[in-house]
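Read off the chains here:
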Amino acid sequence: MANGIDLLDLRVSWNNKFWCSHTFGTVPLEQVLNDINTHLRNTPESKIVVMIKPDFNNRDSMEGKKEEMAELLMKYTSESFIIRYKTGNVVWYNVDTVP
């Protein structure tokens, strides 16, 4: 992000918590969201869009987790931190208007 990245495309899975994953969990999603939030606090001129969807190989682990995901993502609502979550045919944003 320090190099001007303003869009992140994350794949997630569930194993007792949400994980960023590519076939296997790598780092907790909440840790990544906290890191982004810290970056935004330190660089208020930044804008970050995060696109999140279930990791294809672990998509079954995400069944029934929509409310838990929404609850987690709403912790990070701000004008500078826009999150797009897609699961199946449903697309959800953490903000009312998307620029």
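## Some remarks on the overall build of the chain
- Along its length, the chain carries 2 helices and 6 strands.
- Considering the chain as a whole, with its 99 residues, one finds that 34% of them fall into the buried category.
- Accessible surface for the chain amounts to roughly 6,400 Å². Of this, 49% is attributable to carbon and sulfur atoms.

## Some points on helix α2 (residues 66-74)
- Among all positions of α2, only M69, L72 and L73 are buried. When α2 is viewed along its axis, its buried side chains cluster within an angular range of 95° and face the same direction. Counted as exposed and oriented over 90 degrees from the buried face of α2: E67 and E71.

## Observations regarding helix α1 (residues 29-42)
- Given a rise of 1.5 Å per residue, 14 residues ought to cover 20 Å, and the 20 Å separating the end C-alpha atoms of α1 matches this to within 8%.
- Burial in α1 covers these residues: L29, V32, L33, I36, H39 and L40. End-on view of α1: buried residues confined to an arc of 120°, all on one side of the axis. Opposite the buried face of α1, at more than 90 degrees from it, the exposed residues are R41 and N42.
- Of the surrounding elements, those touching the buried residues of α1 are β1 (7-14), β2 (18-22), β3 (24-28), β4 (48-54), α2 and β5 (81-87).

## A closer look at the side chain of S21
- Secondary-structure assignment places S21 in strand β2.
- On the basis of relative accessibility, which here comes to 7%, the residue S21 falls in the buried class.
- Residue contacts for S21: discarding those within four places in its chain leaves R11, V12, S13, T26, D55 and N58.

## Observations concerning the nonpolar core
- Judged by nonpolar contacts, the single largest core of 20 residues is most densely connected at L29, L33, V50, I52, M69, F81 and I83.
- Of all the elements in the fold, those that place two or more residues in this core are β1, β2, α1, β4, α2 and β5.
- Dropping the residues within four chain positions of it, L33 is found in contact with L72, L73, Y76, F81 and I83.

## Some points on the packing of α1 against α2
- Contact geometry for α1 and α2: axes closest at 11 Å, N-to-C directions at 25°. In terms of orientation, α1 lies roughly parallel with respect to α2. The two elements α1 and α2 meet at a crossing, and its hand is right-handed. Judged by residue contacts, L29, E30 and L33 of α1 engage M69, L72 and L73 from α2.
- When the residues that make up the contact of α1 with α2 are grouped by side-chain class, the tally is 5 nonpolar, no polar and 1 charged.

Calculation criteria
- Residues numbered from 1 in each chain as written.
- Predicted model: local features only at pLDDT ≥ 70, side-chain atom pairs only at ≥ 80, totals over all residues.
- Heavy atoms only, no water.
- Helix = DSSP H or I, 4+ residues; strand = E, 2+ residues; numbered from the N terminus.
- Buried < 20%, exposed > 50% of the residue type's maximum accessible area, 1.4 Å probe, protein only.
- Areas by Shrake-Rupley, 256 points an atom, 1.4 Å probe, with all protein chains shown as cover.
- Arc of directions from axis to C-beta.
- Expected span 1.5 Å × (residues − 1).
- Contact = heavy atoms within 4.5 Å.
- Core = buried A, V, L, I, M, F, W, Y, C linked by side-chain atoms within 4.5 Å.
- Axes fitted to C-alpha atoms, helices over the stretch in contact; angles between N-to-C directions.
- Parallel < 35°, antiparallel > 145°, perpendicular 65-115°, else oblique.
- Left-handed = near helix turned anticlockwise from the far one by under 90°.
- Nonpolar A, V, L, I, M, F, W, Y, C, P; charged D, E, K, R; others polar.

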